[in-house]
Amino acid sequence: EERTEHFLTEYLEAQGGTIRWSSKLLDMEVLEGGDKGVIATIERSTVGESGEVVSKDSYRIRADYVVGCDGIRSKTRELAGIKYEGHVIEQPWAVFDTSLDGWEEAGNTYEANHVYLSPLTPVILTPLPNQKWRVYMRPMDDDSDLAEEAFEVLQQYEPGVSFVDAKNFAHFRCVSKVAETYRSGRILLAGDAAHACTPAEGHGMNYGLQDSFNLAWKLAMVVKGAADPVLLDNYGEERRPFAQMILKSGENSEKVTLMKCPNQRAARDKMLRSVFASVLGTRKKASVMSKTELNVEYGASSIVSGHSSSKHPDAPGPGARMPNTHTVKLGPDDGWKSTPLHELTFCSGQTILLLGGPDADGSTFVELYKEISDLVESEAEVFEAAFAFTTDPSVTALNGKIGLLESSTVDAFGVEGIVMLVVRPDGFIGLRASDTDSGKVCPEMLSKYSSKILRG
């Protein structure tokens, strides 16, 4: 998390933004009438060299919207009157930072989490920069020696490895809760303010970042006046169900890691061995997809349109994450440059990808790409760019901006005739249309999709 925070801060500052540390929200006033917005009262502390608070002052700031990312005790959520539904996880957690002596000598790596499911207490080692570790565990009682307890577990699995310079010891309790709604008028919630779960599966930071990625482009369109504020309701519509799914998964992980019964532990261990036994096993893939949150998709979303491939069920359909493993060649006008297909969609607006397979008519494909390019200019509040790729090299002579598809990409995306994808700024497919599943692909499909985005 420290490194992620560093990179995000660095990027924010490069865009001209600043972070106001040692600040907290005191109050909010939602403005009505012509001057709509929110006035927030902020308390800011001045901190001395030794960390003590030297002074405090408060100020008021006006904003169009407030996004509360202020954790499980969110003042934003409290002031907005949004319920936080769920329960406190009874057994506490503990954490400390340390180095490990003998780690490399034992043939271990610094590039993975290490989980030890001892009957004494589970211990999780999470790598930090500079060959340091963060140790998570379930302490046996509030007064126990955390390093000694964790060391006792470690010795069962890694004899000869020991903790060095252990520090920053802390106990904490977790909750399994989700906000009743992610939006109340001009107030929105994200991260732990919207949902919180056990750290057993490591979802906390990742899921919060995905919240912000989902919300940011929608909020930007609303603030610019391009989209109706009802678009913001779709943020909770898409994200909240997966928060509920992660909470349920976390509850199951809590039970699995804390098993004491020898028979239950043996059955659990057998199951885990089967999951990790095969590199390409279906169960292992499903487990990895779930843990990394790559299984998130928005196919049921009210702003997602189109049809999945009827002949290629594994091809990414409406609401799926845009794959990041395929390369294309840009057209002759761009020097036949090879580039990852997904990187072309790194836009603040939505990106249209037109893909022509072996059965696509060349002249129809070229004309459709021209019409789509014109539409991007006329509907710039939604669409930012359009790219076209085909399997037929002769088509590139008709338009030097049209590039080439590899056969592996054709197969992966289920391209036979013409397939049109719209990729949102958060990397998910908002529209998929093909002449084999949706009828003739035409620009009117884009206009209908755009209307859905702008008007809800």
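Report on the accompanying structure. (Residues numbered from 1 in each chain as written. Predicted model: local features only at pLDDT ≥ 70, side-chain atom pairs only at ≥ 80, totals over all residues. Heavy atoms only, no water.)

**What to know about the pairing of strand E6 (residues 93–101)**
For a regular strand, side-chain orientation follows a simple rule: the groups alternate between the two sheet faces. Spelled out, the test is: Residue exposure (1.4 Å probe, protein chains only): buried if accessible area is under 20% of the type maximum, exposed if over 50%, otherwise partly exposed. Going along the chain from the N terminus, every DSSP run of H or I of four or more residues is numbered as a helix, and every run of E of two or more is numbered as a strand. One requirement defines pairing of two strands: DSSP has to find at least two bridges between them.
Most of E6 sits inside the fold, with eight of its nine residues counted as buried. Pairing between E6 and strand E10 (residues 162–172): seven bridges, direction antiparallel. Bridge pairing in E10 links Ala 94 to His 171. Across five bridges, the pairing between E6 and strand E9 (residues 132–137) is antiparallel. Bridge pairing in E9 places Thr 98 opposite Trp 133.

**Comments concerning the sheet that holds strand E8 (residues 122–128)**
As a reminder of what qualifies: Here, axes are lines fitted to C-alpha atoms. For helices the fit covers the stretch in contact, and angles between N-to-C directions go from 0 to 180 degrees.
Here we have five strands laid out as an open sheet, ordered E7-E8-E9-E6-E10, and antiparallel in their pairing. Only two strands of the sheet have a single partner each, and these edge strands are strand E7 (114–117) and E10. On average, adjacent strands in this sheet sit at an angle of 20 degrees to one another, irrespective of strand direction.

**Side note on the pairing of strand E3 (residues 53–63)**
Note that strand E2 (residues 37–47) and E3 share ten bridges and pair antiparallel. Its bridge partner lying in E3, Thr 41 is registered against Arg 60. Connecting the antiparallel pair E2 and E3 is a turn made up of five residues, with Gly 51 showing a positive phi of about 95 degrees.

**Concerning a nonpolar patch on the surface**
Definition in use: Two distance rules govern patches: like charges are joined within 9 Å, and nonpolar side chains (Val, Leu, Ile, Met, Phe, Trp, Tyr) within 5 Å, applied only to residues with over 30% relative accessible area and no salt bridge. Working definition of accessibility: Shrake-Rupley area with a 1.4 Å probe, residue cover restricted to the visible protein chains. Throughout this description, the term salt bridge denotes a Lys or Arg side-chain nitrogen within 4 Å of a carboxyl oxygen of Asp or Glu.
Taken together, the side chains of Leu 12, Ile 19 and Trp 21 define a hydrophobic patch exposed on the protein surface, amounting to about 280 Å² of accessible area. Here Ile 19 lies in the loop between helix H1 (2–14) and strand E1 (23–31). For Ile 19, a relative accessible area of 31% translates into the label partly exposed.

**Focus on the sheet that holds E3**
Overall, antiparallel pairing links the three strands, which are arranged E1-E2-E3 in an open sheet. Every other strand in the sheet has two partners, leaving E1 and E3 as the edge strands with one partner each. Within this sheet the neighbouring strands show an average axis-to-axis angle of 15 degrees, counted without direction. Bridging between E1 and E2 involves eight bridges; their strand directions are antiparallel. Counted as the bridge partner of Lys 24 is Glu 43 from E2.

**Regarding the nonpolar core**
We apply this condition: In this description, a nonpolar core means a group of buried Ala, Val, Leu, Ile, Met, Phe, Trp, Tyr and Cys residues linked to one another through side-chain atoms lying within 4.5 Å. The contact criterion used is simple: two residues touch if any of their non-hydrogen atoms lie within 4.5 Å.
Met 221, Ile 352, Leu 354, Ile 372, Phe 383, Met 420 and Leu 446 are the most contacted members of the largest nonpolar core, which totals 61 residues. If you tally residues by element for this core, the top one is helix H8 (residues 362–378), at seven residues. With sequence-adjacent residues up to four places away left out, Leu 446 is seen in contact with Ile 352, Ile 372, Leu 375, Phe 383, Met 420, Val 422 and Leu 431.

**Some details on the packing of aromatic side chains**
Quick reminder of the rule: Here the aromatic set is Phe, Tyr and Trp, taking the six-membered ring for Trp, and pairing holds for ring centres within 6.5 Å; pairs whose planes are under 30 degrees apart are stacked, those over 60 apart are edge-to-face, and all others are tilted. Counted as over-ring charges are cases with an Arg CZ or a Lys NZ within 6 Å of the ring centre that also lie within 35 degrees of the ring normal.
Scanning the entire structure with this criterion turns up nine aromatic pairs. Each ring, one from Tyr 298 and one from Phe 428, has its centre 4.6 Å from the other, and the planes form 45 degrees; the classification is tilted. With Tyr 298 in the loop between helix H7 (282–291) and strand E15 (305–306) and Phe 428 in the loop between strand E21 (418–423) and strand E22 (429–434), the pair connects residues that are 130 residues apart, well separated along the chain. Three or more aromatic residues joined by ring pairs form one cluster here, namely Phe 96, Phe 163 and Phe 169. We note Arg 77 situated over the ring of Tyr 84; from NZ or CZ to the ring centre the distance is 3.6 Å. Positioned above the aromatic ring of Tyr 65, the side-chain terminus of Arg 186 is 4.9 Å from the ring centre.

**Describing helix H4 (residues 204–223)**
Convention followed: Any helix carries an expected span of 1.5 Å times its number of residues minus one. Note on bend: at a given residue it equals the angle between the axes fitted to the 7 residues ending there and to the 7 starting there.
Look at H4: 28 Å from first C-alpha to last across 20 residues, which is about the 28 Å you get at 1.5 Å a residue. At Leu 215, H4 is bent by approximately 30 degrees, the largest bend along its length. Where the residues of H4 are buried, they touch strand E4 (66–68), strand E13 (187–189), strand E14 (195–196), helix H5 (233–257), strand E18 (350–356) and helix H10 (443–455).

**Describing the environment of Leu 79**
Along the chain, the position of Leu 79 falls in helix H2 (residues 75–80). Between the C-alpha atoms of Leu 79 and Tyr 116, which are 37 residues apart in sequence, the distance is 41 Å. For Leu 79, the contacting residues outside a window of four places in its chain are Leu 25, Leu 26, Asp 27 and Met 28.

**Concerning the pattern of salt bridges**
For side chains of opposite charge, pairing can occur when their charged atoms come near one another. Summed over all chains, the structure comprises 18 salt bridges. Where Glu 43 meets Lys 56, a salt bridge forms, and the shortest distance between an N and an O atom there is 3.9 Å. Separated by 13 residues along the polypeptide, Glu 43 in strand E2 and Lys 56 in strand E3 bring together distant segments of the chain. One salt bridge in this structure joins Asp 211 and Arg 239, with 2.9 Å as the shortest N-O distance.

**Let's talk about the packing of H4 against H5**
Let me state the cut-off plainly: In these notes the angle categories are as follows: under 35 degrees is roughly parallel, over 145 is roughly antiparallel, 65 to 115 is roughly perpendicular, and the rest is oblique. Note on residue categories: nonpolar means Ala, Val, Leu, Ile, Met, Phe, Trp, Tyr, Cys or Pro, charged means Asp, Glu, Lys or Arg, and polar means any other residue, Gly included.
Running from N to C, H4 and H5 cross one another at 170 degrees; their axes reach a closest spacing of 10 Å. The pairing of H4 with H5 is recorded here as roughly antiparallel in orientation. In this structure, H4 contributes Tyr 207, Gln 210, Asp 211, Asn 214, Leu 215 and Lys 218 to the contact, and H5 contributes Asn 234, Tyr 235, Glu 238, Arg 239, Phe 242, Ala 243 and Ile 246. Each residue belonging to the contact of H4 with H5 can be placed in one class, and the counts come to six nonpolar, three polar and four charged.

**So, unusual backbone geometry**
Here Asn 130, not a glycine, exhibits a phi torsion of approximately 60 degrees, which is positive. Assignment of secondary structure puts Asn 130 in the loop between E8 and E9. A positive phi is found at Asn 168, a non-glycine position, where the angle reads about 60 degrees. Checked against the element boundaries, Asn 168 lands in strand E10.

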